[in-house]
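Overview (structure and organization)
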Amino acid sequence: MGVAKSPPAVRQIRMGQNVPMTISADDSGPVRIVTAVLRDGDRVLLCHRSAGRRWYPDVWDLPGGHVEEGEDPKESLVRELREELGVTASEPSSPPMHEIRTATFDMQIWLIDRWTGTPVNAAPDEHDAVAWFETSDLDSLRLAHESYLSMLTAVLVT
């Protein structure tokens, strides 16, 4: 007979443009997240999170997701790009280009500029759109995290 476990505590944080995000808080530490900046010349691909999403609703975000138990972050990134965009990317050989660490999550962000396949919205339950944006488009977007604007602008300048 198993011991009943109490549900994990829940806390709410605010990220980016004061977007609420509720995540479970348990003893396992911060949630590990991997994301990618897909760059095609002078544009980057972003995913629009559906307005009904529990976390980060109605904002433009990077494709990616949670690192599964026992999974290497680079393997997780490749899996997430396949699941969300239907593309195949090789595991990154370099370290992440950017990291965001908070009390509740650690996010690693890789620059990906080579993949096979055409990116599509392969996860319509998570995103209601995917689109390419140039630097001049970014200012008008409601982005999921406040550091995305400067990071994406820098990626498009190089």
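Residues numbered from 1 in each chain as written. Predicted model: local features only at pLDDT ≥ 70, side-chain atom pairs only at ≥ 80, totals over all residues. Heavy atoms only, no water.

What follows is about the nonpolar core. The nonpolar side chains of soluble globular proteins are, as a tendency, buried together. Formed by 22 residues in total, the largest nonpolar core has its most connected members in Val37, Leu46, Leu62, Ile109, Leu138, Tyr148 and Leu152. Where this core is concerned, the elements lending two or more residues are β3 (31–40), β4 (43–49), β8 (105–112) and α3 (148–157). Of the residues forming this core, the biggest block, five residues, is contributed by α3. Residues contacting Tyr148, with those up to four places away along its chain left out, are Trp60, Asp61, Leu62, Ile100, Met107, Ile109 and Leu143. Counting 14 residues, the second-largest nonpolar core is a separate cluster that includes Val34, Leu77, Leu81 and Leu85. (Core = buried A, V, L, I, M, F, W, Y, C linked by side-chain atoms within 4.5 Å. Buried < 20%, exposed > 50% of the residue type's maximum accessible area, 1.4 Å probe, protein only. Helix = DSSP H or I, 4+ residues; strand = E, 2+ residues; numbered from the N terminus. Contact = heavy atoms within 4.5 Å.)

Looking now at the pairing of β8. Pairing of β3 with β8, which is carried by eight bridges, proceeds in the parallel orientation. Residue pairing in the sheet places Val37 in a bridge with Leu111 of β8. Here strand β7 (residues 98–101) runs beside β8; their pairing, made up of four bridges, is antiparallel. Along β8, the bridge assignment pairs Ile100 with Met107. Linking β7 to β8, which pair antiparallel, is a turn of three residues. (Pairing = 2+ DSSP bridges.)

The subject of this paragraph is the pattern of salt bridges. Counting across every chain of the model gives eight salt bridges. Of the charged contacts in the structure, one is a salt bridge between Arg43 and Asp40, with a shortest N-O distance of 2.9 Å. Arg43 sits in the partly exposed class, given a relative accessible area of 29%. For Arg79, the salt bridge goes to Glu83, with nearest N and O atoms at 3.2 Å. Here Glu83 and Arg79 lie together in helix α1 (residues 73–85), a separation of four residues that amounts to about one turn. On the basis of relative accessible area, Arg79 is assigned to the buried category, the value being 13%. Overall, the relative accessible area of 40% leaves Glu83 in the partly exposed class. (Salt bridge = Lys/Arg side-chain N within 4 Å of Asp/Glu carboxyl O.)

With 13 residues, α1 ought to run about 18 Å at 1.5 Å a step, and its terminal C-alpha atoms sit 18 Å apart, in line with that. Among the residues of α1, those classed as buried are Pro73, Ser76, Leu77, Val78, Arg79, Glu80, Leu81, Glu84 and Leu85. Between the side-chain oxygen at the start of α1 and the backbone nitrogen of Lys74 there is a gap of 2.9 Å, and the oxygen is on Asp72. The positive-phi residue at the C-terminal boundary of α1 is Gly86, with phi of around 70°. (Expected span 1.5 Å × (residues − 1). Polar contact = N/O pair within 3.5 Å; in protein donor to acceptor, adjacent residues only side chain to side chain.)

With that settled, the discussion passes to the side chain of His127. Considering the arrangement of structural elements, one finds His127 in strand β9 (residues 127–133). The contact partners of His127, leaving out residues within four places of it in the chain, are Cys47, His48, Arg49, Ser50, Glu84 and Asn121.

Another aspect to go through is the packing of aromatic side chains. Tallied over the entire structure, the rule returns two aromatic pairs. Ring geometry for Trp60 versus Phe133: centroids 4.9 Å apart, planes at 75°, classification edge-to-face. Here Phe133 lies in strand β9 and Trp60 lies in strand β5 (residues 60–61), a separation of 73 residues in the sequence. Relative accessible area serves as the criterion here: at 14%, Trp60 is assigned to the buried category. (Phe/Tyr/Trp six-rings, centres within 6.5 Å; stacked < 30°, edge-to-face > 60°.)

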